[in-house]
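Survey of secondary and tertiary structure
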Amino acid sequence: MTKESNPTTAIILAAGKGTRMQSDTPKVLHTIARKAMLGHVMAAANAAGCNPLVVVTAPDMKEVAAYALSVDEACEIAIQREQLGTGHAVLAAQDIAAKDENNLLVLFGDSPLVLPETLERLQREISKNPKVGVAVLGFEMQPGNAYGRLVLNDQHELESIVEVRDATPEQKQIRWCNSGVMAIRGGVGWQ
């Protein structure tokens, strides 16, 4: 965390079951480079100065909670009772994360290649400009992909995020896509 940043709570979404992977192992516990994907994400969040870490998991995934606590005994566990999407998963962390006015960093437990430097940059974006309430990590791809689109205005500011299933034909031609990783200014996230 940079000196000019507010404290940041990382909310790490880790309730995916791994059914598309045809595995009984929860998705975030699959290993890459001898470490569970969740462990890589938690390490990046810690290295970026996030404190606390809140890991969101499902009620029947006690092994995910146990793993998270073995990596960082100070992390907190939030339970997503029903899997109703990403926004719902973030809301599962509300009781823990809304205790203070920390900035929020939303991460995915199955995205192990995010770098601490990237997370620090997101934190700086919402700290340096009081008008910026949300900074979204985007990436550029060819049209025709299944990712949500980042709709920008003429000043290259984020206007909206449109899921591909809801996008107009023109919006589907947008090359900037939503990774889902975002920083949210403290106090903005729960309104």
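Our structure's up above, just so we're on the same page.
Computed from a prediction, not measured in an experiment: that's the story for all the values here.

To continue, consider the packing of helix H1 (residues 37–47) against helix H2 (residues 62–71). Where H1 contacts H2, the two axes come as close as 10 Å, and the packing angle between them is 40°. The angle between the axes of H1 and H2 places the two elements in the oblique class. Seen from above, H1 lies across H2 with right-handed handedness. Only Val 64, Tyr 67, Ala 68 and Val 71 of H2 make contact with H1, whose side of the interface consists of Leu 38, Gly 39 and Met 42. Considering only residue class, the contact of H1 with H2 consists of 6 nonpolar, 1 polar and no charged.

This part takes up the nonpolar core. Of all hydrophobic cores here, the largest spans 47 residues; its most connected members are Leu 38 and Leu 107. The contacts of Leu 38, once residues within four sequence positions are left out, are Ile 12, Ala 14, Val 28, Val 55, Val 64, Tyr 67, Ala 68 and Gly 109.

Taken together, the side chains of Leu 152, Leu 158, Ile 161 and Trp 176 make up a nonpolar region of the molecular surface, amounting to roughly 320 Å² of accessible area. For Leu 152, the position within the fold is in strand S8 (residues 149–152).

The subject of this paragraph is the pattern of salt bridges. Applying the stated criterion across every chain yields a total of 3 salt bridges. With its nearest N and O atoms 3.2 Å apart, the salt bridge here joins Arg 175 to Glu 140. Residue Arg 175 is located in the loop between strand S9 (158–162) and strand S10 (176–184), and its partner Glu 140 is located in strand S7 (residues 134–140); the two are separated by 35 residues in the primary sequence.

The next thing to look at is the layout of surface pockets. Of the voids in this model, the largest pocket is the one considered here, and its volume is about 1400 Å³. Mapped by element, the contributors of at least two residues to the lining of the largest pocket are helix H3 (86–92), strand S6 (103–108), S7 and S10. Within this model, the second largest pocket holds a volume of roughly 680 Å³. Along its surface, the second largest pocket is lined by 20 residues, and Glu 125, Ala 135, Val 136, His 156 and Leu 158 are the ones closest to its centre. Where the lining of the second largest pocket is concerned, the elements lending two or more residues are helix H5 (116–128), S7 and S8. Residues belonging to the lining of the second largest pocket are distributed by class as follows: 10 nonpolar, 5 polar and 5 charged.

Moving on, we come to the packing of H1 against H5. Interaxial distance between H1 and H5 falls to 8 Å at its minimum, and their mutual angle equals 50°. Looking at the two axes, H1 sits oblique to H5. Relative to H5, H1 is oriented so that their crossing is right-handed. Listed contacts from H5 to Ala 44, Ala 45 and Ala 47 of H1 are Pro 116, Leu 119 and Glu 120. For the contact of H1 with H5, a count of residues per class yields 5 nonpolar, no polar and 1 charged.

About the thresholds
- Residues numbered from 1 in each chain as written.
- Predicted model: local features only at pLDDT ≥ 70, side-chain atom pairs only at ≥ 80, totals over all residues.
- Heavy atoms only, no water.
- Axes fitted to C-alpha atoms, helices over the stretch in contact; angles between N-to-C directions.
- Helix = DSSP H or I, 4+ residues; strand = E, 2+ residues; numbered from the N terminus.
- Parallel < 35°, antiparallel > 145°, perpendicular 65-115°, else oblique.
- Left-handed = near helix turned anticlockwise from the far one by under 90°.
- Contact = heavy atoms within 4.5 Å.
- Nonpolar A, V, L, I, M, F, W, Y, C, P; charged D, E, K, R; others polar.
- Core = buried A, V, L, I, M, F, W, Y, C linked by side-chain atoms within 4.5 Å.
- Buried < 20%, exposed > 50% of the residue type's maximum accessible area, 1.4 Å probe, protein only.
- Patch = residues over 30% accessible without salt bridge, like charges linked within 9 Å, V, L, I, M, F, W, Y side chains within 5 Å.
- Areas by Shrake-Rupley, 256 points an atom, 1.4 Å probe, with all protein chains shown as cover.
- Salt bridge = Lys/Arg side-chain N within 4 Å of Asp/Glu carboxyl O.
- 1 Å grid on protein atoms, 1.4 Å probe; cavity = no way out; pocket = protein on both sides within 12 Å on 5 of 7 lines; lining within 4 Å.
- Points joined across faces, edges and corners; volume = space filled by probe spheres on them.

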